[in-house]
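Descriptive analysis of the structure
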Amino acid sequence: MTAKARPTKGCDDGERGTHGLTISMVRQPRGRVKLVFDDVVRVGTARPAQWSTKSFFTTIGFDWDDLLEVRLTDQDFVNIGFAVAVRLAAQYKASRRTSR
């Protein structure tokens, strides 16, 4: 799997957008886990950023051991990345429409 963009290393410059996602893990029965994606909105401008949950977006399920050992398939990583990219793009487009 190749990526067009790579994470950058360095100091945190403190910049944050006004909308984002939180991702949390919820352990499930029978050795499963789900990642829960929620839309969040930034509260104020103080640092560190404070976020408030706006709405639920989606979940993606995995085997608990596979997630903890990062033994996910390339398709699993694609699904996670796709969910994140699509939602952030949708939030940006929606915020531009309401700010006009």
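Structure's up top.
Residues numbered from 1 in each chain as written. Predicted model: local features only at pLDDT ≥ 70, side-chain atom pairs only at ≥ 80, totals over all residues. Heavy atoms only, no water.

Topic: the pattern of salt bridges
Going through the model one piece at a time under the given rule, you end up with two salt bridges. Residues Arg 87 and Asp 39 are paired through a salt bridge, measuring 2.6 Å at the closest nitrogen-oxygen approach. Taken together, the positions of Arg 87 in helix α2 (residues 74–98) and Asp 39 in strand β2 (residues 32–43) put the pair 48 residues apart, joining distant regions of the chain. Using a relative accessible area of 22% as the deciding quantity, one classes Arg 87 as partly exposed. Residues Asp 66 and Arg 71 are paired through a salt bridge, measuring 3.2 Å at the closest nitrogen-oxygen approach. The class of Asp 66 is partly exposed, set by a relative accessible area of 26%. (Salt bridge = Lys/Arg side-chain N within 4 Å of Asp/Glu carboxyl O. Helix = DSSP H or I, 4+ residues; strand = E, 2+ residues; numbered from the N terminus. Buried < 20%, exposed > 50% of the residue type's maximum accessible area, 1.4 Å probe, protein only.)

Focus on the environment of Phe 62
As for its placement among the helices and strands, Phe 62 is situated in strand β3 (residues 50–63). A relative accessible area of 4% means that Phe 62 is categorised as buried. Spatially, the C-alpha atoms of Phe 62 and Val 84 are 17 Å apart, while their sequence positions differ by 22 residues. When residues no more than four places from it in sequence are discounted, the contact partners of Phe 62 are Gly 31, Arg 32, Val 33, Leu 35, Leu 67, Leu 72, Asp 76 and Ile 80. (Contact = heavy atoms within 4.5 Å.)

Let's talk about the side chain of Asp 38
As for its position among the elements, Asp 38 is in strand β2. Residues contacting Asp 38, with those up to four places away along its chain left out, are Gly 20, Leu 21, Thr 22, Thr 53, Ser 55, Phe 56 and Phe 57.

Structural notes on the nonpolar core
Counting eleven residues, the largest nonpolar core is built from Leu 21, Val 33, Leu 35, Phe 37, Ile 60, Phe 62, Trp 64, Leu 67, Leu 72, Ile 80 and Ala 83. Breaking this core down by element, the ones donating at least two residues are β2, β3, α1 (64–68) and α2. A per-element tally of this core places β2 first, with three residues. If we skip the residues at most four places from it in the chain, Phe 37 touches Leu 21, Thr 22, Ile 23, Phe 56, Phe 57, Thr 58, Thr 59, Ile 60, Ile 80 and Val 84. (Core = buried A, V, L, I, M, F, W, Y, C linked by side-chain atoms within 4.5 Å.)

What to know about the packing of aromatic side chains
One pass over the structure, following the stated rule, counts zero aromatic pairs. The lysine or arginine in question, Arg 27, covers the ring of Trp 64, its NZ or CZ lying 4.1 Å from the ring centre. (Phe/Tyr/Trp six-rings, centres within 6.5 Å; stacked < 30°, edge-to-face > 60°. Lys NZ or Arg CZ within 6 Å of the ring centre and 35° of its normal.)

Considering the sheet that holds strand β1 (residues 19–28)
Strands sit in the order β1-β2-β3 across an open sheet of three strands; the sheet is antiparallel. Looking at strand neighbours, the two that pair on one side only are β1 and β3, the edges of this open sheet. Averaged over neighbouring strand pairs, the angle between their axes works out to 20° when direction is ignored. Summarising the sheet, β1 and β2 pair through ten bridges and their orientation is antiparallel. The residue bridging Thr 22 from the neighbouring strand is Asp 38, located in β2. (Pairing = 2+ DSSP bridges. Axes fitted to C-alpha atoms, helices over the stretch in contact; angles between N-to-C directions.)

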